[in-house]
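Summary of the model geometry
Below, each chain spelled out in residue letters.
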Amino acid sequence: VAVWNVFGDPNRFDAFHEATKLLLNGPSSPSNGAANLPFAMDAEARIEALNQSGAFDDITYQTSAWSLELNAEQIAALYATYSNINARPDRKAVIAELTHIAKTQFNNRVTRNMVTCIYMARRRFW
């Protein structure tokens, strides 16, 4: 089993993402996949990679959409863990502005959309 939690859901509107996308315009995340599809959600590519390995049978894929509610301090703590934020020379200012936006525009209550992607397979025995 391989499990990824994808931060953001391309199928659901996200007000905080819209409010911060210009601020966060910078180095992209290593989890970004091809054609604006997150790596974990590119089921066709992930399943093909598993098939090409020759090590697995009965590969299945499923997703589960859910929401994550965070206050401004939690937003700051979460974004401080992202490699694309940490790579920025203005990291501290960006995190401070994210906190400010969460407090002032979202009344200290931000809802982010999440997707959990699960790939299951049975290992082949030779």
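Here's what I pulled together on the structure shown here. (Residues numbered from 1 in each chain as written. Predicted model: local features only at pLDDT ≥ 70, side-chain atom pairs only at ≥ 80, totals over all residues. Heavy atoms only, no water.)

Going through the model one piece at a time under the given rule, you end up with 8 aromatic pairs. With 5.4 Å between their ring centres and 70 degrees between their planes, phenylalanine 16 and phenylalanine 106 make a pair best called edge-to-face. Taken together, the residues phenylalanine 16 in helix H1 (residues 15–20) and phenylalanine 106 in the loop between helix H5 (91–105) and strand S3 (110–123) connect sequence positions 90 residues apart. Taking the centre distance of 4.6 Å and the plane angle of 35 degrees together, the rings of tyrosine 61 and tyrosine 119 count as tilted. One end of the pair, tyrosine 61, is in strand S2 (residues 56–70); the other, tyrosine 119, is in strand S3, and 58 residues separate them in sequence. According to the relative accessible area criterion, tyrosine 119 is buried, its value standing at 3%. Residue placement shows arginine 46 over the ring face of phenylalanine 39; its charged tip is 3.7 Å from the ring centre. (Phe/Tyr/Trp six-rings, centres within 6.5 Å; stacked < 30°, edge-to-face > 60°. Helix = DSSP H or I, 4+ residues; strand = E, 2+ residues; numbered from the N terminus. Buried < 20%, exposed > 50% of the residue type's maximum accessible area, 1.4 Å probe, protein only. Lys NZ or Arg CZ within 6 Å of the ring centre and 35° of its normal.)

We now examine the sheet that holds S2. Strand order across the open sheet formed by 3 strands is S1-S3-S2, with antiparallel pairing between neighbours. Each of the sheet's edge strands pairs with one partner strand only, and the pair in question is strand S1 (2–7) and S2. Ignoring which end each strand starts from, the neighbouring axes of this sheet average 15 degrees apart. Across 13 bridges, the pairing between S2 and S3 is antiparallel. For phenylalanine 56, the partnering residue across the bridge sits in S3 and is arginine 123. Sheet contacts for helix H2 (residues 43–53): S1, S2 and S3; angle to S2, the most-contacted strand, approximately 145 degrees. Along the sheet, helix H3 (residues 72–79) contacts S1, S2 and S3; its crossing angle with S2, the most-contacted strand, is approximately 140 degrees. (Pairing = 2+ DSSP bridges. Axes fitted to C-alpha atoms, helices over the stretch in contact; angles between N-to-C directions. Contact = heavy atoms within 4.5 Å.)

A separate point is the nonpolar core. By size, the foremost hydrophobic cluster in this structure holds 14 residues, and its most contacted members are Phe16, Ile75, Tyr79, Leu98, Ala102 and Val110. Of all the secondary structure elements, the ones that give two or more residues to this core are H3 and H5. The element best represented in this core is H5, accounting for 5 residues. Beyond its immediate chain neighbours, meaning those up to four positions away, leucine 98 contacts Phe16, Thr20, Leu23, Leu24, Ile75 and Tyr79. One finds Ala40, Ala43, Val115 and Cys117 within the second-largest nonpolar core, a separate group that totals 7 residues. (Core = buried A, V, L, I, M, F, W, Y, C linked by side-chain atoms within 4.5 Å.)

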